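Here is how the chains run, residue by residue.
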Amino acid sequence: MPREIDEAWVDEAIARYRRIQTAQAEFDRAAAMVAVTVRSSDGTVEVDVTASGVITDVRVLGALHGRTGRELSEAVTAAVTAATEAARWAREKLRAEAFADYPSLAD
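Treat the numbers as computed from the prediction; the structure is a model and nothing was measured.

Draft legend 1. Geometry of the pairing of strand E3 (residues 55-60). Here five bridges tie strand E2 (residues 45-50) to E3, and the two strands are oriented antiparallel to one another. Bridged to Val45 within E3 is Val60. Following E2, the chain reverses through four residues before pairing antiparallel with E3; Gly53 in that reversal takes a positive phi of roughly 95°.

Here is the structure:
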């Protein structure tokens, strides 16, 4: 007994898949363009990161007189860690905006 193919359902599934692909591509482009800047808690290091997680700049602010290499390393580590969290936050915000019209797969 052959199965019937619901062509309308297949066409709708293909259209939905293409819309999701388009939305994902737009999301990826937006994530690469959105930048967040964070600083280490002591204000010594500033890091720019995109929502896609790419660090685009690291700056050491002010004079380093009296600071040890270890202190500078800790400031860089703190700023990069904060940048990672900032990128995650920005991605989540973008994702909520870009995919607001799509139902959750968990629902």
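Moving on from the model shown.
Draft legend 2. View of the pattern of salt bridges. If you walk through the whole model with that rule in mind, you get ten salt bridges. When the shortest N-O distance is used, the salt bridge between Glu12 and Arg16 registers 3.6 Å. Of this pair, Glu12 and Arg16 both sit in helix H1 (residues 7-33), four residues apart, which is roughly one turn of the helix. What you see here is one network of salt bridges that share partners, running through Arg39, Glu46, Asp48, Asp57 and Arg59.

Draft legend 3. Summary view of the nonpolar core. Judged by nonpolar contacts, the single largest core of 17 residues is most densely connected at Val36, Val38 and Val47. When residues of this core are traced back to their parent elements, those giving at least two are H1, strand E1 (35-39), E2 and helix H2 (69-98).

Draft legend 4. Here's a closer look at H2. Along its 30 residues, H2 runs 43 Å from first to last C-alpha, staying within 8% of the 44 Å computed at 1.5 Å per residue. All of the buried residues along H2 are Ala75, Ala79, Ala83, Ala86, Ala87, Ala90 and Leu94. The inward-facing, buried residues of H2 contact H1, E1 and E2.

Draft legend 5. Representation of the side chain of Glu46 within the structure. The residue Glu46 is located in strand E2 in this model. Within polar-contact distance, the side chain of Glu46 engages the side chain of Arg39 at 2.8 Å. Looking at Glu46, its side chain comes within polar contact range of the side chain of Arg59, at 2.5 Å. Look past the residues within four positions of Glu46 in its chain and what remains in contact with it is Thr37, Val38, Arg39, Asp57, Val58, Arg59 and Leu61.

How each quantity is defined
Residues numbered from 1 in each chain as written. Predicted model: local features only at pLDDT ≥ 70, side-chain atom pairs only at ≥ 80, totals over all residues. Heavy atoms only, no water. Pairing = 2+ DSSP bridges. Helix = DSSP H or I, 4+ residues; strand = E, 2+ residues; numbered from the N terminus. Salt bridge = Lys/Arg side-chain N within 4 Å of Asp/Glu carboxyl O. Core = buried A, V, L, I, M, F, W, Y, C linked by side-chain atoms within 4.5 Å. Buried < 20%, exposed > 50% of the residue type's maximum accessible area, 1.4 Å probe, protein only. Expected span 1.5 Å × (residues − 1). Contact = heavy atoms within 4.5 Å. Polar contact = N/O pair within 3.5 Å; in protein donor to acceptor, adjacent residues only side chain to side chain.

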